[in-house]
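Observations on the three-dimensional arrangement
Chain residues, written in single-letter form:
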Amino acid sequence: MNHELDLSSPLEPERYELKAPPIYHFEVDRREFFKFLGAGVLIVCVLKDSQAEESVSDKPAQSVSLPKEVAAWLHIGEDGGVTVYTGKVEMGQNIRTSLTQAVAEELRVPVEKIQMVMGDTQLTPYDRGTFGSRTTPEMNLQLRKVASAARVTLIGLAAAQWQVDRKRLGAADGKISDTESKRTVEYAALVKGRQLTETIPADEALIPATQWTVAGQALPKVNGRDFVTGKHRYPCDQKLPDMLYGKIVRPDSFGATLASLDIHDAEQIPGVTVVHDRDFVGVAASSPEAASRAASAIRAEWKRQPQISNKELFDYLKKNPVEGSGPLESPFRRETGSVEKVSESADHRLQQSYLVNYIAHAPLEPRAALAQWSGDSLTVWTGTQRPFGVRSELAEAFRMPEERVRVLMPDTGSGYGGKHTGETAIEAARLARAAKRPVKIMWTREEEFTWAYFRPAGVIDVSSAVRNDGKMVSWEYHNYNSGAAGIATVYNVENQRIQFHPVRALLRQGSYRALAATANHFARESHMDELAHLVNKDPLEFRLKNLTNDRLRTVFEAAAKKFGWGQTRAPGHGFGMGGGFEKGGNVATFVEVAVDRTSGDVKVVRMVTAFECGTILIRTVCAINWKAPILWPSAARCLRRLNLKMEGFSTGGSRIIDCRGSAMFRC
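Summary of the structure given here. The structure presented is a predicted model; accordingly, all values stated were derived computationally and were not measured.

Take the packing of aromatic side chains next. Considering all chains together, one arrives at 16 aromatic pairs under this definition. On the numbers, 5.2 Å between centres and 65° between planes, the contact of Tyr 126 with Phe 388 is edge-to-face. Separated by 262 residues along the polypeptide, Tyr 126 in the loop between β4 (114-118) and α4 (135-162) and Phe 388 in helix α11 (residues 387-397) bring together distant segments of the chain. We note that Tyr 126, like Phe 388, is buried. Ring plane angle 45° and centroid distance 6.3 Å describe the contact between Phe 563 and Trp 565, whose orientation is recorded as tilted. The exposure class assigned to Phe 563 is buried, which follows from its relative accessible area of 1%. The exposure class assigned to Trp 565 is buried, which follows from its relative accessible area of 18%.

Before going further, it helps to spend a moment on the pattern of salt bridges. Counted under the stated rule, the structure contains 35 salt bridges. Residues Arg 299 and Asp 262 are paired through a salt bridge, measuring 2.8 Å at the closest nitrogen-oxygen approach. Linking Arg 299 in strand β12 (residues 299-303) with Asp 262 in strand β9 (residues 257-262), this pair joins segments that are 37 residues apart in sequence. Sharing partners across several salt bridges, the network here consists of Arg 333, Glu 335, Glu 340, Glu 476 and Arg 497.

This part takes up unusual backbone geometry. Negative phi characterises most residues that are not glycine, and trans characterises most peptide bonds. A positive phi angle, close to 65°, is found at Lys 182, a residue other than glycine. Within the element layout of this structure, Lys 182 appears in the loop between β6 (175-178) and β7 (184-186). Look at Ala 514: it is not a glycine, yet its phi comes out positive at around 70°. Here Ala 514 lies in the loop between β21 (495-501) and α14 (517-534). Classification of Ala 514 by relative accessible area gives partly exposed; the value is 37%.

To continue, consider the packing of α11 against helix α12 (residues 423-435). Where α11 contacts α12, the two axes come as close as 9 Å, and the packing angle between them is 40°. On the basis of their axis angle, the class for α11 and α12 is oblique. For the pair α11 and α12, the crossing hand works out as right-handed. Taken together, the residues of α12 that come into contact with α11 (itself represented by Val 390, Glu 393, Leu 394 and Ala 397) are Glu 423, Ala 425, Ile 426 and Ala 429. Here the contact of α11 with α12 is composed, by residue class, of six nonpolar, no polar and two charged.

About the thresholds
Residues numbered from 1 in each chain as written. Predicted model: local features only at pLDDT ≥ 70, side-chain atom pairs only at ≥ 80, totals over all residues. Heavy atoms only, no water. Phe/Tyr/Trp six-rings, centres within 6.5 Å; stacked < 30°, edge-to-face > 60°. Helix = DSSP H or I, 4+ residues; strand = E, 2+ residues; numbered from the N terminus. Buried < 20%, exposed > 50% of the residue type's maximum accessible area, 1.4 Å probe, protein only. Salt bridge = Lys/Arg side-chain N within 4 Å of Asp/Glu carboxyl O. Axes fitted to C-alpha atoms, helices over the stretch in contact; angles between N-to-C directions. Parallel < 35°, antiparallel > 145°, perpendicular 65-115°, else oblique. Left-handed = near helix turned anticlockwise from the far one by under 90°. Contact = heavy atoms within 4.5 Å. Nonpolar A, V, L, I, M, F, W, Y, C, P; charged D, E, K, R; others polar.

Here it is in structure tokens:
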């Protein structure tokens, strides 16, 4: 039997947060409502819950086309400065630098002359969000095309001005030069501040990688000094004149609804605005301390919903899959061959379950938002990976056109997939509307670990069969709730059954770095180790015997060689290895650990990782000062705690990191 059913949607299934119903439902002010609608007859269509859950608070990808005019993406000023516009945002992944390099390469202009405007819904073209590892393959390419089209246009302008054949003209260092007459003209003089209205050709020739002089080269992080000196203003640092600080009164359990409320004591505090709107209760005050004091003075009683314990979690996930039709329908199922028939006659069979807990994102900067109303228009500064998605959420929450909402995303302190939703922006905007002054909300660590959505918990059941010679003959894999990213095995098995089983969630859950690929690789690679042990095979040998994927095989072999896999181990030391693939990247890691049998302490001695990700667009090299780590402080602290040093190097499209040797790390 050969049957494959792939029900995948444009969004990976574990992006639950994008399909969840709105967190807040505010009361409708009739005067504001009809002021917004104007005169006339209103016909309202109310969706059923199942339909509402299926919708995503964002524009469908297929309904939005990227602007085809150069001017929508790039502007050359009269001073020669180049301003580039993109809806992508900087969360610490350094795409501000890599996108700047892409433009500098194709436009042939110095990096320092480029200013990147990112994540501003009023100024930048629509973007679905900075997630899914799509910035480099999509936006980097888009901006290269834009810059290339601008360069071709500038050459044409110079050719027309000088009345010469454009083939004898070239672009470099922000200037057009005539190779014969040696004349030059700066870009700024050619455009004189006007917009480049030309369209971007679909087949615009790009500069090949072999001729790159900026892209793919080591470059200091754009605005790097601002980050390490404290000059950069994160979302939590944003300020406005006459600003207030907000605090939300949270329920004492998930899913609870407000039963009673006493706000008398809080209202007696001078300068405090108390807002009660259905289950939303919050305060705005002149300082964070005053806001916390006012929130503590509010006495709220909540009607709780039944909760299960962590001990019951995994049984619940296994027993409550949501199968069939609807928004949670299983989006991935693959079946080839006959798993049962082959398994019965195999030399060895193995069944194991792997458990994946809920995990908080714990970004360095907790959620923060600053909201300001100006008449019927709203502006919000917040840390989000989806500025346009948050704009839609704000428009929906306050029943207003998206054109009246502006969301700005200052480069923010990480997200790891956890800042896709706009709850903080909505909270700040609701308080600001009541207080009639700008309001900033900064979540505490406790709120971040409690009320943000989590990486989904999951149960992964794996059943496999293998011959004595180490050849795998069957593979059955079921993931409950965690997700389908990275669920398909790259190892060669003729008889497979792989399925993702959605479960109606108990907690808020959603995107996490690499989505469910982290869980699926953990389960699959753990099972591969156990299978190798079952047939008494070396873990690397066993994997390579069942692998024909050249890219993954190459990183296994490269890391193994650098590590010295197979060498004699010191007493009390052990070796381990594993590998993976996701979104075009292939990785293999080898580790040596030492165990103190007396104390039970485990120490990581060294690690070697090989990573092949295709063409390298940016290289950033930094030396780590162990006494005073300035760059990448979290990495330095982690390495120092492990008593490791890192040396990284790359060859072609591959990169190998060897955690020992010198204190140099290349990424």
